[in-house]
Amino acid sequence: MCGIAGILNANPETPIDPQLLVNMAAIQYHRGPDGFGHKQFPDHGIGFSHARLSIIDLNEDRGRQPFTSQDENLLLAHNGEFYDYQRIRARLTAQDARFKTKSDSEIILHLFPRLGIDETVKHLRGEFAFSLYSKEEECLYLVRDRFGIKPLYWTQVGDSVIFGSELKVLFTHPDVKPEFTAEGLYHQLIQTMVPGTTAFKNVHQVKPGHIVRIKRKNGKLEIEESKYWDLNFPREMERAEMSEEEAISRTREELLNAVALRLEADVPVGSYLSGGIDSCAIIGLASACRQGPVRAFTIGFDDAKYDESPIASQMAERCGAEQDIMRLSGNELYGHFEETLWHTERTIYNTLAVAKLLMSRHVRDSNYKVVMTGEGSDELFGGYPAFRRDMFLHGLDSLPADEKANWQSLLNESNALFTGAMLSEKQIDDPALHFTVGFTPSCLQPWLACADLVPDLLSEQLRDEVKYYRPGAAIADALDVEQLQGRHALDKAQYVWCKTMLEGQILTWGGDRVDMANSMEARPAFLDHHLAEFAVQIPPQYRIKGRTEKYVLREAMKGILPEVLYKREKFAFMAPPAHTDEVKWKQMKDLADKHLSRERIEATGMLSYEGVSALFARHDDPETSAAEQVQMDAVINHLIGVQVLHQHFIEQDIPALAKRRADELGWAA
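This structure is a prediction, so every number in the text was calculated from the model and none was measured. Each chain has its residues counted from 1, running along the sequence as written. Restriction of local features to residues with pLDDT of at least 70 applies here, the model being predicted, together with a cutoff of 80 or more for giving and counting side-chain atom pairs; totals for whole chains, interfaces and linings are based on all residues. As a convention, hydrogens and water are excluded, and side-chain values are obtained from all of the structure's heavy atoms.

### Thoughts on empty space enclosed by the protein
What counts here: Using a 1 Å grid laid over the protein atoms alone, points where a 1.4 Å probe fits but cannot get out form a cavity; open sets with protein on both sides within 12 Å along at least 5 of 7 lines form a pocket; any residue with an atom within 4 Å of a point counts as lining. Grid points are joined across faces, edges and corners, and a volume is the space filled by probe spheres set on the points. Secondary structure elements are defined from DSSP: runs of H or I of at least 4 residues count as helices, runs of E of at least 2 residues count as strands, and each element is numbered from the N terminus. Note that Gly is not counted as nonpolar here; it falls among the polar residues with everything else outside the nonpolar set of Ala, Val, Leu, Ile, Met, Phe, Trp, Tyr, Cys and Pro and the charged set of Asp, Glu, Lys and Arg.
Per the stated rule, a full pass over the model turns up twelve cavities of 30 Å³ or more. As a volume, the second largest cavity reaches approximately 180 Å³. What lines the second largest cavity is a set of 20 residues, among which Tyr153, Met193, Thr197, Gln205 and Arg346 lie closest to the centre. For the lining of the second largest cavity, the secondary structure elements donating two or more residues are α21 (489-506) and α22 (508-516). Ranked by residue count, the leading element in the lining of the second largest cavity is α21, at four residues. Grouping the constituent residues of the lining of the second largest cavity by class yields six nonpolar, nine polar and five charged.

Here it is, written out as structure tokens:
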């Protein structure tokens, strides 16, 4: 895992400052503290830089990127891991390829000349983002993995394209002026982003499973985006028959393969361990593959309702793992809130992001660079409360209305803890999403419910700019209708979650950004695309069977899991909301006093002090329900968040900061 950056100029004779490339690496030093590199092709207007975290091929000089091909036609900078690369290397070697390093990254330089980019990506397995420039084609390729595990951003300023692993890398370029858009700010306050967008003007993400081609033609840069992979749930009438036994055995086999591949490293590999099926399955299989103990890192909260460490301890004992529990309270969580936002580069609704930042720091301080994680299990196997709600409401057409209502009542009772955050207290029906999806997915409803609060929270100017803006319509327009038509309701719900909450939250502020903040690589085995391509074929009634979510996965892992976990309903891993703890609430209020004062609000010009004050008053009203308080806790976190982001990225001189970082590190061109 690393950090990449680069610049492409439309005019090949326009020089690129090599120290600027180095500064772009230095600002993301946390992603790659083990070394840096930069390289240009003279008279081609292209330059890359790279901050390296050494996991495979620890030789500092041999593994230093950017890489060039033997014929000097290709320039490569890669972030992430390609699994199964040894087999690919062996096959290429048999075709007379010669490798200069032991790095998995180098396979790109041999696959591309033989296959072209569209065929090359089909051979890549893992989590990755890379840039590849071809002199011959005068084309820059920006490629991101299938689920968006690794980040990659780009922007065009004048006749140049600037890209990097983090937004702050782009902002290091003096011509990139960070500026919030009104729509981007709106989405920061309701949590759910429009796929492919950011909060900043003219700054884009490479979408998961996409390639951005930037080709020089007639003195201009032509930019084209294409999709190379998607989940592709089968249409209901085209789903192949599958027995329950086959679904269970294939799930076990595919997950085992994914875990075994992700144990490959030249450094020790540990595992995150919560009290959920997901991480327990991972560490159980990893222990079996290793035939020995695996280091297990667990977060414990001081609120018993949210603390999963007791069940995690049972799993650790069962598989002989060496468990390491880090306990957190409100002081730690809000005390590191501002630091966390520097890394997430977007707002967070829950302090789970802070908890994971602190956990990754603890992992690093324990001399581990790599852990496996359980992200992706719920997305593929139907684990979230929102999926059960959509399954019961829209996917059980044969049930009478009164029985559907009974299921809904049972669902709400079993998930009361998450109402307001993971489930909306009231049904939200968005016309655009209803038209595109067939219903408004439950996973989006709690955030769309916040939309009514937003206008009063914005400054008068921004309020006018979004007067007719409809966030649900913007999200619906970004979805691929072809992937939704003719699919089962559960398939649709899972697909929408993967395109919004998975990529924009779980893999961002719950994954890469807070792990790599501490130079720590996380490997989500469930998001292996071979496993995913099988999982989407599993009939919905095996993913959620009656009231049992992730039924197939439970059965596949039955021999590994403690009985209490095997029988337990889904418990979403999240930090306690602020209002549930006096210390935590005080910590949050202290941050609010700092960032949401009249003076600070007027200085940034984004929010309405009166609107913010009214929200706090409503939160504290005894008539406000607990679910509404949870919802407003999230909005308050976002309000503090946008003010902190403004301070970090708009008020601060990022180019000067990057230069200071490079000087401090001794990184020079």
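### Some thoughts on a negative patch on the surface
Where we set the bar: Distance thresholds for patches are 9 Å for like charges and 5 Å for nonpolar side chains (Val, Leu, Ile, Met, Phe, Trp, Tyr), applied to residues having over 30% relative accessible area and no salt bridge. Per-residue accessibility takes into account occlusion by the displayed protein chains alone, with areas from the Shrake-Rupley method and a 1.4 Å probe. Throughout this description, the term salt bridge denotes a Lys or Arg side-chain nitrogen within 4 Å of a carboxyl oxygen of Asp or Glu. When charges are counted, neither His nor the chain ends are considered; positive counts come from Lys and Arg and negative counts from Asp and Glu. To locate a charge, take atom NZ for lysine, CZ for arginine, CG for aspartate or CD for glutamate. Only protein chains enter the accessibility calculation, which uses a 1.4 Å probe. A residue is then buried if its area is under 20% of the maximum for its type, exposed if over 50%, and partly exposed in between.
A cluster of acidic residues, Glu183, Glu460, Asp464 and Glu465, forms a negative patch at the surface. Considering each element in turn, the negative patch owes the most residues, three residues, to helix α19 (residues 460-465). By secondary structure assignment, the location of Glu183 is in helix α6 (residues 182-190). Look at Glu183 and you get partly exposed, because its relative accessible area is 33%.

### Brief notes about the side chain of Ser377
Our working definition: Any two residues whose heavy atoms approach within 4.5 Å at even a single point are treated as in contact.
Mapped onto the elements, Ser377 comes out in helix α13 (residues 377-381). In this structure Ser377 touches Asp278, Gly382, Phe526, Lys550 and Leu553, once residues within four positions along its chain are discounted.

### Thoughts on the environment of Ala353
Mapped onto the elements, Ala353 comes out in helix α12 (residues 352-365). Looking at Ala353, the relative accessible area reads 0%, which means it is buried. Sequence separation of Ala353 and Gly511 is 158 residues, and the distance between their C-alpha atoms is 8.3 Å. Contacts of Ala353, omitting those with residues within four sequence positions, involve Thr340, Ile348, Trp509 and Val514.

### Here we look at the layout of surface pockets
As a volume, the largest pocket reaches approximately 250 Å³. In terms of lining residues, the largest pocket is bounded by twelve residues, among which Lys426, Ala449, Arg618, Glu628 and Gln631 are the most central. Top element by residues in the lining of the largest pocket is helix α30 (residues 626-651). It accounts for three residues. Each residue belonging to the lining of the largest pocket can be placed in one class, and the counts come to four nonpolar, three polar and five charged.

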